[in-house]
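# Close look at the chain arrangement
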Amino acid sequence: MGGVGSAVALVPIMAWFGLPLMSAKPTGLFINTLSMLSATLKNFRNRRLDIRLALPILLLATLLAPVGAYIGKFLPHRMILVIFMVFLVYSGTMMLFFSPEHSGESGGRIYIGIAVGAFAGFLGGLLGVGGGALLSPVLILLGYEPKKVASTTALVVFFSSLSGFLAYWRLGTLDPKLLLWVSLPAVLGGWTGTYIMHHKISSNQMKKIIGVIMYIIALKMLLVALA
């Protein structure tokens, strides 16, 4: 409903239920891969993709997502929770207060976008999220048109989530039963959320609701980290 991958909420919730983070993260990345594949195919059919913008960001994000996944295997559980909490606060703030506007002044600053995309890929692999919530606002602030940013972000998150998922698979942390039982309801929930967004509630209203939910999840993670 909010245009973000469900992994950003799914991974911490699974952790609260006692599931290992190293099993929860590849599950979140797999679900992101499914949802972003659908969005990317639609963007491709509608010729919304800007390959010149997306390709350098995509390459670095895809290469660095497995690096984040590998490093995450050795970081303390509490440190991962704190990093996740900061990411949730950032994402929630963007949802609540960021209004995408096209400034038309993107020239010459693509290198900043590429650097942020690389970091988003690394962070997405580390936390088991796509990283799109980090990349999208930065590209818009750099002056890129919001619809172009949305299609670019979907493409980048698809490949970075897929490479991160494969990295966790190679690390042997994948739980096939968990993947099956979480993925099927998540796909159905995604279809339902899309229907609600288009017919029952505005996008801005939904983003504010999700922003508040992200703050609540961040607070819960802080309490868990301090326990």
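Refer to the preceding data block for the structure.
Let me begin by describing the structure that accompanies this report.

## Describing the overall build of the protein chain
When helices and strands are tallied, the protein chain shows nine helices and zero strands. Along its sequence from the N terminus, the protein chain presents helices and strands in the succession α-α-α-α-α-α-α-α-α. Against the compact-globule benchmark of 17 Å for 227 residues, the protein chain has a radius of gyration of 16 Å, which places it among compact chains. Principal-axis analysis of the C-alpha atoms places the extent of the protein chain at approximately 45 × 40 × 35 Å.

## Here we look at the packing of helix α2 (residues 21-45) against helix α7 (residues 146-171)
Helix packing for two helices is described by the angle between their axes and how far apart those axes are. Put simply, α2 and α7 touch, their axes get as near as 7 Å, and they point 145° apart. When you trace α2 past α7, the crossing you get is left-handed. Contact residues: M22, K25, P26, L29, F30, N32, T33, M36, L37, A39, T40 and N43 in α2; S151, A154, L155, V157, F158, S161, L162, G164, F165, Y168 and L171 in α7. Of the residues in the contact of α2 with α7, the class split is 15 nonpolar, seven polar and one charged.

## Structural notes on the environment of L88
Along the chain, the position of L88 falls in helix α4 (residues 77-97). By relative accessible area, which is 0% here, L88 ends up buried. Expressed as a C-alpha distance, the spacing of L88 and A133, which sit 45 residues apart in the sequence, is 9.3 Å. Once you skip the residues sitting within four places of it in the chain, L88 turns out to touch V8, M214, I217, A218 and M221.

## Here's the deal with the nonpolar core
L88 and L127 are the most contacted members of the largest nonpolar core, which totals 47 residues. M22, A167, L174 and L179 belong to the second largest nonpolar core, which has eight residues in total.

## Thoughts on the packing of α4 against helix α6 (residues 132-141)
At their nearest, the axes of α4 and α6 sit 10 Å apart, and the two run at 45° to each other. Regarding the angle of α4 to α6, the classification is oblique. With respect to the hand of their crossing, α4 and α6 are arranged in left-handed fashion. For the pair α4 and α6, contact is made by F87, Y90, S91 and M94 and by A133, L134, P137 and V138, respectively.

## Observations regarding the side chain of S23
Examined against the element boundaries, S23 turns out to sit in helix α2. With near-sequence residues (within four places) excluded, S23 lies in contact with T173, D175 and L178.

## Remarks on the packing of aromatic side chains
Counting across every chain of the model gives four aromatic pairs. Considering the side-chain rings of F30 and F165, the 5.1 Å spacing of their centres and the 45° angle between planes classify their relative orientation as tilted. Of this pair, F30 sits in helix α2 while F165 sits in helix α7, and the two are 135 residues apart along the sequence. Exposure remark for F165: the relative accessible area of 6% places this residue in the buried category.

The rules behind the values
- Residues numbered from 1 in each chain as written.
- Predicted model: local features only at pLDDT ≥ 70, side-chain atom pairs only at ≥ 80, totals over all residues.
- Heavy atoms only, no water.
- Helix = DSSP H or I, 4+ residues; strand = E, 2+ residues; numbered from the N terminus.
- Rg over C-alpha atoms; globule rule 2.2 N^0.38 Å.
- Axes fitted to C-alpha atoms, helices over the stretch in contact; angles between N-to-C directions.
- Left-handed = near helix turned anticlockwise from the far one by under 90°.
- Contact = heavy atoms within 4.5 Å.
- Nonpolar A, V, L, I, M, F, W, Y, C, P; charged D, E, K, R; others polar.
- Buried < 20%, exposed > 50% of the residue type's maximum accessible area, 1.4 Å probe, protein only.
- Core = buried A, V, L, I, M, F, W, Y, C linked by side-chain atoms within 4.5 Å.
- Parallel < 35°, antiparallel > 145°, perpendicular 65-115°, else oblique.
- Phe/Tyr/Trp six-rings, centres within 6.5 Å; stacked < 30°, edge-to-face > 60°.

Interpretation in functional terms is not warranted from these geometric data alone.
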